[in-house]
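The lines below spell out each chain.
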Amino acid sequence: MSEINNQNNKESLERVAANGLINRRHLLGLGLAGAGGLISHSVLAADSSRVEIPAWSKMPGRDPSGYGSPSSFVGSYQRLAGAPNAVLPGSGVSRTPLHLLQGNITPNSLHFERHHSGIPAIDPAQHRLVIHGMVRQPLEFSYEDLLAYPMQSRIYFLECSGNSGANTSATAGDSSAAAIHGLLSCSEWTGVSLATLLDEAGIAEGATWVTSTGADGASMGRSIPLNKALRDVFIALYQNGEPIRPEQGYPMRLFVPGWEGNVSVKWLTQIKLADSPANFRDETSKYTDLLPDGKALQFTFPMGVKSLITSPSGQMSLRRQGLHEVSGVAWSGSGAISRVEVSADGGRSWADAHLDGTGQDLALTRFRIPWIWEGGPAVLQSRATDSAGQVQPTRAMVLANYDATNRYHFNGIQSWSVSAQGEVKNVYA
Ligand SMILES: Nc1nc2c(c(=O)[nH]1)N[C@H]1C(S)=C(S)[C@@H](COP(=O)(O)O)O[C@H]1N2
Ligand SMILES: [Mo]
C-alpha cells in the first residue's frame, strides 16, 4: 500500500505481525503522519482566516455547580445492570462499561457492583468495626476513629471471580466487552493499613487466619491467611478521592489487593483472628472451583493474569477502513503487567503492544497498538504476561483445568472477530 509510506519524514509504518498490525513505536511520536488517508480528518484550505465563531463562544456559559456531571452531549455512560432478582432480593450485579472507557481508572459512578443482599443504608455515626478473636485486646472503632489514622493511597483493580464466566459456556454469546468482562474496575483506594490496627490489638500466639464480616443483610463473611492480611490489606475509606460509595461498601470495606473480589468484604463490621478459616457459606458452597476429578479447590485467591481488547470489541462496528488503535486493559493478581501481545490473525502471529505507564502492581495497565484494517476478516486477540512470568492461557487451556460447570477464575484469551462488513463479535478461536 503506497499510503503507508510517509514521504515527509521518511518514516514508514512498519508491519510487525500479519493482517495489519503496526509497530507500537509509531505511537511514540514517530509519525503516524505518514498514514495520510488512513486517518480521517479535514484538511483546511491555505487561507483559513475565516474560521467560524460558534454561538457558545459569543455568550457566557452556565454557572459552576456543587457536584459535577457528564456533558449532556456525552451519550449513555451507564453500568450494565440486570433486572432485580425476585427470588433473592438485593442479589445482583451491574457491570462496568469497559468498552466506553479509556486509561486505567474507573469513574466511581461506573464501578461494577456485586451485592448478595442489596446495599445497606449505613449511618457512619452508628457503624462500628470490631477486632476480636485471637488478639490480646479486642478493639472497637467508629468511622471517626478510623479517619484519624495514617492513610495510604494505592491504585488497585477489583475483579469478581465470576468475571468472564460467560465465555466458559459451550457457544460464544454475541455480547459486549462489558457484558462478558465488566465485573472488573480499577480505582485509587485510600484507607488504613490492617497491619496497623492488628498491631494495636496485639496478635495472639497461634493466630493464622483473619475472618471478616459485612454489615449487609447477607452478613458476607470471608477468611484470608494472616500473612496476606499483614502484607498489603487495608480498610478502604476513600475511592478516587471521595468517600467510598454505598455500592462499594460505605462507610468502610476490607480491600485485599489482587485477590478475588469476594474477599474484599464491604460494609465491614467485624474482623476476627483465628487459627483456621471460618468456612463461611461463601467459601464452601460458593466461590470454590470444581475440578475435572470431582474435587474442588476451596481457596483460589489471586486473580489470574489476563487482558482484554476493549476497542474494538463485541457489538461494535468499524465504520471505515484504515488506521485504528487497538486498545485494552491487562492485569494480574500476582504482580505487574510486563508485556501484552496482540494478534490480528487469531493467534498465529503476535506483536508487542505499547504499555501506558510503568506497570503498577495489581492495577490495570492500558495497552495500545496501531492496526490497519484493510476490510478483510480478522480475529483480534491479546495475551498478557505478568512480572511473575505467568502468561495468559488460551480458553481451551483454562477449560481443561476445571469441571465443565465451573464459572470462576476464567482468564482465557478473548477473541473478537471482525467481519468484512466491520462487525465485531465474540468468538471462540
Ligand atoms: N458485605 C459484602 N461484601 C461483599 C459482597 C457482598 O455482597 N456483601 N460482594 C462481594 C463480591 S462477590 C465482590 S465481586 C465484591 C464486589 O465489590 P463492588 O460491588 O464494590 O464492585 O464485593 C465483595 N464483598
Ligand atoms: Mo464476586
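Everything quoted here is computed from the prediction, not taken from an experiment.

Caption draft 1: Helix H3 (residues 194-201), seen in detail. Buried within H3 are the following residues: Leu194, Leu197, Leu198 and Ala201. Axial view of H3: buried residues confined to an arc of 100°, hence all on one face. Where H3 begins, the side chain of serine 193 points an oxygen toward the backbone nitrogen of alanine 195, at a separation of 3.2 Å. Count one or two residues on from H3 and you reach glycine 202, which has phi positive near 85°.

Caption draft 2: Examining the site of ligand 1 more closely. Residues in contact with ligand 1 amount to 21 residues; listed here are only the nearest, Phe112, His116, Asp216, Arg253 and Lys266. Between ligand 1 and histidine 116 there is a distance of 2.7 Å, counted from an oxygen atom to a side-chain nitrogen or oxygen. With respect to ligand 1, the side chain of glutamine 248 contributes an N or O atom lying 3.1 Å from an oxygen atom. Protein coverage of the free-state accessible area of ligand 1, which is 530 Å², stands at 100%. The dominant element in the shell around ligand 1, judged by the number of residues it contributes, is strand E5 (residues 113-115), at 3 residues.

Caption draft 3: Geometry of the sheet that holds strand E7 (residues 139-142). Read from one edge of the open sheet, 5 strands run E7-E6-E15-E10-E11, paired in mixed fashion. Of all strands in the sheet, those with a lone pairing partner are E7 and strand E11 (221-225), marking the two edges. Strand after strand, the sheet turns through a mean of 15° between neighbouring axes, direction not considered. Strand direction decides the pairing type here: strand E10 (residues 209-214) and strand E15 (residues 268-274), joined by 6 bridges, are antiparallel. If you follow threonine 211 over to E15, its bridge partner there is lysine 272. Strands in contact with H3 are strand E6 (128-133), E7, E10 and E15; relative to E7, the strand with the most contacts, it is inclined by about 135°.

Caption draft 4: How the structure looks around the packing of aromatic side chains. Counted according to the given criterion, the structure contains 10 aromatic pairs. Between tyrosine 156 and phenylalanine 234, the aromatic rings sit 6.1 Å apart at their centres with planes inclined by 35°, giving tilted as the arrangement. Here the residue tyrosine 156 occupies a position in strand E8 (residues 152-159), and phenylalanine 234 occupies one in strand E12 (residues 234-239), the gap between them amounting to 78 residues. What makes phenylalanine 234 buried here is its relative accessible area of 0%. Pairing tyrosine 287 with tyrosine 408 gives two aromatic rings, centres 5.2 Å apart and planes at 25°, and the pair type is stacked.

Caption draft 5: Spatial organisation of the sheet that holds E5. Strand order in this open sheet of 3 strands is E3-E4-E5, and the pairing throughout is antiparallel. The sheet is open, and its two borders are formed by strand E3 (80-81) and E5, each paired with just one other strand. Sheet analysis places strand E4 (residues 92-95) next to E5, joined by 3 bridges and oriented antiparallel. If you follow glycine 92 over to E5, its bridge partner there is histidine 115.

Caption draft 6: How the structure looks around the side chain of glutamine 152. In this fold, glutamine 152 is placed in strand E8. Contacts of glutamine 152, omitting those with residues within four sequence positions, involve Trp189, Thr190, Gly191, Ser193 and Phe234.

Caption draft 7: Quick look at the domain arrangement of the chain. For the chain, the domain assignment lists domain 1 (115-297) and domain 2 (306-427). Each of domain 1 and domain 2 was reduced to a C-alpha centroid, and the two centroids are 28 Å apart. Counting from both sides, the interface comprises 34 residues of domain 1 and, opposite them, 31 residues of domain 2. Where domain 1 abuts domain 2, roughly 2,800 Å² becomes buried across the two surfaces, and 57% of that area is made up of carbon and sulfur atoms. The interface formed by domain 1 and domain 2 holds 1 salt bridge in total. Lysine 306 serves as the salt-bridge partner of glutamate 159, at 2.7 Å between the closest nitrogen and oxygen. Our enumeration of links across domain 1 and domain 2 arrives at 16 residue pairs in polar contact (both at pLDDT 80 or more). Of all the secondary-structure elements, those providing two or more residues to the side of domain 1 that touches domain 2 are E8, helix H2 (177-181), strand E9 (184-193) and strand E16 (289-290). A per-element tally of the side of domain 1 that touches domain 2 places E8 first, with 4 residues. Taken together, the residues of the side of domain 1 that touches domain 2 sort by class into 14 nonpolar, 14 polar and 6 charged.

Caption draft 8: Highlighting the pattern of salt bridges. Under the counting rule described, the total for this entry stands at 16 salt bridges. The partner of arginine 25 in a salt bridge is glutamate 14, and the shortest N-O contact between them spans 3.4 Å. With arginine 25 in the loop between strand E2 (21-22) and E3 and glutamate 14 in the segment before strand E1 (15-17), the pair connects residues that are 11 residues apart, well separated along the chain. Look at arginine 25 and you get partly exposed, because its relative accessible area is 25%. Of the charged contacts in the structure, one is a salt bridge between glutamate 260 and arginine 222, with a shortest N-O distance of 2.9 Å. Pair noted here: glutamate 260 is in the loop between strand E14 (253-255) and E15 and arginine 222 is in strand E11, with a separation of 38 residues, a long-range link. Classification of arginine 222 as buried rests on a relative accessible area of 1%.

Conventions used here
- Sequence positions are assigned chain by chain, starting from 1 and proceeding in written order.
- Chains carry letters from A onward and ligands carry numbers from 1 onward, assigned in written order.
- Per-residue local features are limited, in this predicted model, to residues with pLDDT of at least 70; the limit for side-chain atom pairs, both in listing and counting, is 80 or more; totals at the level of whole chains, interfaces and linings are taken over all residues.
- Hydrogens and water are ignored here; the side-chain numbers use all heavy atoms of the structure.
- Categorising residues by exposure relies on relative accessible area from a 1.4 Å probe, with only protein chains included: less than 20% of the type maximum marks a residue as buried, more than 50% marks it as exposed, and the intermediate range marks it as partly exposed.
- Under the DSSP-based scheme used, a helix requires at least four consecutive residues in state H or I and a strand at least two consecutive residues in state E, with every element numbered from the N terminus.
- By construction, the arc corresponds to the directions joining the helix axis to the C-beta atoms.
- Each polar contact in these results corresponds to two N or O atoms within 3.5 Å; when the atoms are within protein, one needs to be able to donate a hydrogen and the other to accept it, and residues that are neighboring in sequence are counted only if both atoms are side-chain atoms.
- In these notes, residues near a molecule or strand are those with any non-hydrogen atom within 4 Å of it.
- Surface accessibility in these figures is a Shrake-Rupley result with a 1.4 Å probe; residues are shielded only by whichever protein chains are displayed.
- Two strands pair under a simple rule: DSSP has to find at least two bridges between them.
- Only the stretch in contact is used when a helix axis is fitted, and all axes are lines through C-alpha atoms; the angle between N-to-C directions ranges over 0 to 180 degrees.
- We call two residues contacting when some pair of their heavy atoms lies within 4.5 Å.
- To pair, rings of Phe, Tyr and Trp, with the six-membered ring standing in for Trp, must have centres within 6.5 Å; the planes then decide the type, stacked if under 30 degrees apart, edge-to-face if over 60, and tilted in the middle.
- Note that the domain bounds reflect an automated or database-derived domain assignment.
- Here the buried area means the combined drop in accessible surface, using a 1.4 Å probe, for two parts upon being joined, counting both sides.
- Any Lys or Arg side-chain nitrogen found within 4 Å of a carboxyl oxygen on Asp or Glu counts as a salt bridge.
- Note that Gly is not counted as nonpolar here; it falls among the polar residues with everything else outside the nonpolar set of Ala, Val, Leu, Ile, Met, Phe, Trp, Tyr, Cys and Pro and the charged set of Asp, Glu, Lys and Arg.

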